[in-house]
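# Inside the fold
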Amino acid sequence: MNEAVDFKIVEAPAKPISMNPKKFGMWLFIASVMMLFMSLTSAYIVRQAEGNWLYFELPTLFLISCGVIIASSVSMQLGFWAAKKDQFSKIKTYVAITTVLGFTFLVLQYLGWKDMVSNSVYLVGNPSGSFIYILTGLHGLHIVSAIVYLLIVLNSASKLKISSSNMTQMEMCTTYWHFLGLLWLYLFVFLTLLR
Amino acid sequence: MATIDVHHHIETHEHDDHGHEHHHGNFWTNYIFSEDHKVIAKQFLLTGMAWALIGGVLSVLFRLQLGFPEANLSWLKPILGGWLTADGKIDPDFYLALVTMHGTIMVFFVLTAGLSGTFSNFLIPLQIGARDMASGFMNMLSYWFFFLSSVIMFVSLFLSTGPAAGGWVIYPPLSALPQAIPGSGLGMTLWLVSMALFIVSSLLGSINYITTVINLRTVGMSFTKLPLTIWAFFLTAVIGILSFPVLFAAALLLIFDRSFGTSFYLSDIYINGVALPNQGGSPILFQHLFWFLGHPEVYIVLLPALGITSEIIATNSRKPIFGYKAMVGSMLGIAILSFVVWAHHMFVTGMNPFLGSVFTLLTLIIAVPSAVKIFNYVTTLWKGNIRFTPAMLFSIGLVSFFLTGGITGLFLGNSAVDIQLHDTYFVVAHFHLVMGSASFFGMMAGVYHWFPKMFGRMMDEKLGYLHFWLTFIGVYLVFFPMHYIGIAGFPRRYYSWTAFETFSGFADLNMLVSIAAILTLAAQFVFLFNFIYHIFRGKPAPANPWNATTLEWTTPRLPGHGNWPGEIPTVYRWPYDYSKPGSKEDFIPQHIPFSETPESNLPHENDQIKLDLGGAGVGGDKH
């Protein structure tokens with residue numbers, strides 16, 4: 001062994017694989033939001049199994065809001081691709097469209113609530129109704145947070161701060177928006193199947 | 001090579017400027033709204049210690065009632081005021097509030113925020129070789145959410161209707177109906193607000209810890225070279241991210257039940273003969289949601305302590321930790337199992353007996369990884385050159401509590417035996433030993449061990465020994481007798497047992513427990529003096545006082561912002577090269593390359609050394 005000491009010796013430990021910490025943090029945040037909704041929907045199942053459950057039709061508006069949220073995800077993705085190709089004016093347009101669709105979604109959810117109220121399903125009453133208000137309300141709050149995020153992205157897009165070389169913010173916002181869209185589809189399917 | 005060197009120089013310079021800026025920051029940015037992980041860790045530690053003191057005093061107050069039910073406590077009038085009855089006894093409603101707040105404070109504010117908050121923040125960047133956390137700003141927010149939550153919980157102690165009093169598990173309907181007990185009024189509202197903020201703080205912290213551990217490790221710091229502390233903090237944060245949102249969901253529905261009239265947890269309730277309008281709710285639903293957090297929470301509290309202990313026991317036995325991979329595997333096993341055992345807290349809620357036996361089985365499986373850990377601690381100690389520093393004593397104390405407290409878990413985890421033992425003092429004894437005292441000892445061990453790195457000074461060892469022995473004996477004197485009281489069937493949370501003939505035989509035992517509790521609390525003041533005095537007057541710490549291998553001891557005595565003034569060290573070996581055969585020293589730090597220690601290298605370690613022979617052929621090294 002002593003021979004080796006006479007020579008120049010190189011040890012090259014590997015650099016650990018890592019990704020952008022902000023993006024990673026966003027995924028962890030998404031995981032915690034998912035746990036929140038998972039626990040509420042499992043609570044729904046547990047409670048439903050105990051009987052004394054009020055049956056009523058989901059407002060059809062919720063189906064329309066599914067369409068809107070899918071459309072908004074498409075426009076967000078187009079915005080993302082535009083950013084990758086440095087098409088600056090297109091980024092703004094698509095993000096703006098997504099924001100408008102987000103607002104539309106919130107309005108539809110609100111009208112859906114009004115529908116339920118006119119069906120005499122209130123927040124206060126049988127938990128089968130209360131759960132829907134809580135689930136949609138909580139999801140709506142997350143949509144509000146995502147719309148604030150979209151506005152921030154829109155602001156940096158108009159300052160030309162988003163480009164193919166500076167994608168972090170755009171990518172995180174797109175991830176979050178897609179997640180919330182998927183979350184709503186999950187909630188809708190869940191609530192439709194488990195009436 | 002040259003280009004790389006130049007690059008490093010640039011980095012260093014940039015960093016120095018950065019550090020400079022921060023040194024010139026004002027008092028507010030340096031010590032209050034700091035984004036430096038070391039300052040935030042100290043903030044968590046000091047807040048946690050303040051809470052521990054409050055929680056401890058509360059426990060002594062209710063122990064006075066339990067140990068000396070006939071005593072006249074009117075000398076406490078200046079502190080407790082209206083909470084004493086006319087004949088100088090603690091008001092029964094206040095007794096329930098004391099128990100509730102003691103539990104809440106100790107579980108969440110001391111052993112979650114105080115333990116994870118302090119040591120995850122302090123050690124993660126220092127031990128993985130990072131300048132700071134992934135997001136210093138989020139880290140700062142995490143502390144201030146915790147602080148706000150602390151303030152609200154603290155304020156609730158002074159309400160005229162008292163703080164929350166439904167037990168730390170806040171089961172509805174008791175906690176949901178303000179008419180039920182005074183503590184379910186404003187006190188409960190503040191409890192929920194405070195806990196909601198606490199959850200936000202905990203999630204911000206956990207996201208940061210995980211992101212940092214995965215993405216910010218220094219060159220060479222692979223997962224198999226991580227110190228076990230970091231593994232423990234990492235898994236704790238993962239558990240936190242998956243379980244705290246569930247507590248949030250439970251609390252959210254409870255808030256709606258309390259304040260907006262929904263009936264998630266309420267049904268068919270009569271108060272004073274009047275039926276409440278709530279129909280269709282299920283109180284068991286709350287228990288499911290609560291314990292889905294509640295059980296993982298036990299490991300959120302315990303795992304960091306186990307990680308700290310692994311590190312300290314290996315360092316002070318001067319031996320590599322026995323079964324590093326088994327330690328990681330068992331922590332992983334515990335983390336996964338912690339999510340599938342929650343219903344063992346609910347065996348007597350009318351659960352299907354078959355489901356009960358499934359949860360019994362899953363619960364008892366946790367004994368396997370736990371036993372692996374104890375076995376590995378003992379085998380690490382076996383034939384080591386043990387140095388009994390205070391930190392080491394506290395770590396060994398943890399192993400002792402983890403064993404004695406863990407064994408009673410086997411009884412409680414059994415759905416049939418639990419019918420007898422449920423909600424008795426046996427449960428109190430079990431979890432105070434295995435989770436409360438064990439985690440507290442882990443925390444203390446951590447403070448004694450990393451005090452030199454935190455404050456650049458040494459604590460007094462003799463006072464540390466005194467603190468350890470008083471606390472160790474005190475804890476056993478407090479909790480061991482409780483097993484007997486519990487087996488006899490005495491239920492927890494009861495204000496008084498003297499009215500029952502069956503239990504009056506335990507008056508002496510209860511008195512002993514109370515005296516021991518007071519002495520144990522008194523012993524903590526030895527620590528407080530030792531801690532505070534030596535922050536200012538301790539003798540300056542050497543760079544590596546324990547001859548440890550991990551990276552934090554390669555920083556300057558008082559690391560500035562950015563931790564290393566120059567380049568971050570590269571990691572070549574695992575953190576447990578203690579007493580390696582052939583080596584001159586009995587420890588080789590992680591940043592020492594194998595090429596510098598040819599005398600102690602193992603064959604596979606030699607293989608990692610490549611010879612850079614420039615233009616020469618491979619045969620060139622033979623001359």
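### A short note on the overall build of chain A
Scanning chain A from N- to C-terminus turns up 6 helices and 1 strand. Ordered by position from N to C terminus, the α and β elements of chain A give α-β-α-α-α-α-α. Here the C-alpha radius of gyration of chain A, 23 Å, is well above what a compact globule of 195 residues would show, namely 16 Å. Within chain A, the fraction of its 195 residues that count as buried is 35%. Put simply, of all contacts in chain A between residues at least 6 apart along the chain, 81% involve residues at least 24 apart.

### Description of the overall build of chain B
Helices and strands together make up the secondary structure of chain B, namely 18 helices and 3 strands. For 623 residues, the compact-globule formula gives about 25 Å, and the C-alpha radius of gyration of chain B, at 26 Å, lands near that figure. With respect to the three principal axes, the spread of C-alpha positions in chain B is 100 × 50 × 50 Å. Among the 623 residues that make up chain B, the fraction classed as buried is 53%. The contacts of chain B with a sequence gap of at least 6 include a subset with a gap of at least 24, amounting to 78%.

### Here we look at the interface of chain B and chain A
As a measure of interface size, the accessible area lost when the parts come together is often cited. Counting from both sides, the interface comprises 47 residues of chain B and, opposite them, 38 residues of chain A. Per-element accounting of the side of chain B that touches chain A gives the leading share, 7 residues, to helix α8 (residues 228-259) of chain B. Of the residues belonging to the side of chain B that touches chain A, the class tally is 28 nonpolar, 15 polar and 4 charged.

### Regarding helix α6 (residues 136-156) of chain B
For an α-helix the count is 3.6 residues per turn, leaving residues at separations of three or four pointing the same way. For α6 of chain B, spanning 21 residues, the distance from its first C-alpha to its last is 30 Å, which sits close to the expected 30 Å at 1.5 Å a residue. Turning to α6 of chain B, its buried residues number three or more, namely Asn 139, Met 140, Ser 142, Tyr 143, Phe 145, Phe 146, Ser 149, Ser 150, Met 153 and Ser 156 of chain B.

### A few points about the packing of helix α16 (residues 461-487) of chain B against helix α17 (residues 507-537) of chain B
All names here are of chain B. Packing of α16 against α17 leaves a shortest axis separation of 8 Å and a crossing angle of 155 degrees. Of the possible angle classes, the one that applies to α16 and α17 is roughly antiparallel. Judged by the twist between their axes, the crossing of α16 over α17 is left-handed. Among the residues forming the contact of α16 with α17, the class breakdown is 19 nonpolar, 6 polar and no charged.

### Some remarks on the packing of α6 of chain B against helix α7 (residues 186-215) of chain B
All names here are of chain B. Packing of α6 against α7 leaves a shortest axis separation of 8 Å and a crossing angle of 165 degrees. In this view, α6 runs roughly antiparallel relative to α7, as classed from their interaxial angle. Crossing of α6 over α7 shows left-handed handedness. Counted together, Met 138, Asn 139, Leu 141, Ser 142, Phe 145, Phe 146, Leu 148, Ser 149, Ile 152, Met 153, Val 155 and Ser 156 of α6 and Gly 187, Leu 190, Trp 191, Val 193, Ser 194, Leu 197, Phe 198, Val 200, Ser 201, Leu 204, Gly 205 and Asn 208 of α7 form the full contact between these two elements. Partitioned by chemical class, the residues of the contact of α6 with α7 number 15 nonpolar, 9 polar and no charged.

### Details of α8 of chain B
All names here are of chain B. Taking 1.5 Å per residue as the helical rise, α8 with its 32 residues ought to reach 46 Å, and the 45 Å between its terminal C-alpha atoms agrees with that figure. A maximum bend of about 30 degrees is found in α8 at Ile 241, where proline Pro 245 lies one to four positions downstream. With respect to burial, α8 is a largely interior element, 30 of its 32 residues being buried. The positive-phi residue at the C-terminal boundary of α8 is Gly 261, with phi of around 80 degrees.

### What about unusual backbone geometry?
Cis geometry marks the peptide bond from Pro 172 of chain B to Pro 173 of chain B, where omega comes out at 5 degrees. Checked against the element boundaries, Pro 173 of chain B lands in the loop between α6 and α7. The backbone of Asp 86 of chain A shows a phi angle near 60 degrees, a positive value even though the residue is not glycine. On the basis of neighbour count, Asp 86 of chain A is assigned to the partly exposed category, with 13 C-beta atoms found within 10 Å. Although it is not a glycine, Ile 170 of chain B sits at a positive phi angle of roughly 35 degrees. As for its position among the elements, Ile 170 of chain B is in the loop between α6 and α7.

### What to know about the environment of Arg 573 of chain B
Residues and elements named next belong to chain B. Tracing the backbone through its elements, the reader meets Arg 573 in the loop between α17 and α18 (603-606). Along the primary structure Arg 573 and Leu 412 are separated by 161 residues, whereas in three dimensions their C-alpha atoms are 42 Å apart. With residues near it in sequence (within four places) discarded, Arg 573 still touches Lys 225, Ile 588, Gln 590 and Phe 594.

### What about the confidence of the model for chain B?
All names here are of chain B. Across chain B, pLDDT averages 91, with 94% of residues at or above 70. Here residues 615-623 scores under 50 on pLDDT; set against residues more than four positions off or in separate chains, the count is 5 contacts. For this predicted complex, the interface confidence comes out at an ipTM of 0.92, alongside a pTM of 0.92.

### Regarding the nonpolar core
Residues and elements named next belong to chain B. Phe 234, Ala 249, Ala 250 and Ala 438 are the most contacted members of the largest nonpolar core, which has 221 residues in total. Among the elements that take part in this core, α8 stands out by supplying 23 residues, more than any other. In contact with Ala 250, not counting residues within four places along its chain, are Phe 286, Leu 289 and Phe 290.

### With respect to the environment of Lys 325 of chain B
All names here are of chain B. Within the fold, Lys 325 resides in helix α10 (residues 324-337). Overall, the presence of 8 C-beta atoms within 10 Å leaves Lys 325 in the exposed class. Separated by 206 residues in sequence, Lys 325 and Phe 119 have C-alpha atoms that sit 22 Å apart.

### Some words on the environment of Gly 560 of chain B
Counting through the fold element by element, Gly 560 of chain B comes out in the loop between α17 and α18. Taking C-alpha positions, Gly 560 of chain B is 50 Å from Leu 73 of chain B, a pair spaced 487 residues apart along the chain.

### Notes on the confidence of the model for chain A
Mean pLDDT over chain A works out to 92, with 95% of the residues at or above the 70 mark. Counted against residues more than four places away or in other chains, residues 1-5 of chain A, with its pLDDT under 50, gives 8 contacts.

Thresholds, definitions, all that
Residues numbered from 1 in each chain as written. Chains lettered and ligands numbered in written order. Predicted model: local features only at pLDDT ≥ 70, side-chain atom pairs only at ≥ 80, totals over all residues. Helix = DSSP H or I, 4+ residues; strand = E, 2+ residues; numbered from the N terminus. Rg over C-alpha atoms; globule rule 2.2 N^0.38 Å. Buried ≥ 20, exposed ≤ 12 C-beta atoms within 10 Å, placed from the backbone. Contact = placed C-beta atoms within 7 Å. Nonpolar A, V, L, I, M, F, W, Y, C, P; charged D, E, K, R; others polar. Expected span 1.5 Å × (residues − 1). Axes fitted to C-alpha atoms, helices over the stretch in contact; angles between N-to-C directions. Parallel < 35°, antiparallel > 145°, perpendicular 65-115°, else oblique. Left-handed = near helix turned anticlockwise from the far one by under 90°. Bend = angle between axes of the 7 residues up to and from the residue. pLDDT = per-residue confidence, 0-100. Core = buried A, V, L, I, M, F, W, Y, C linked by C-beta atoms within 7 Å.

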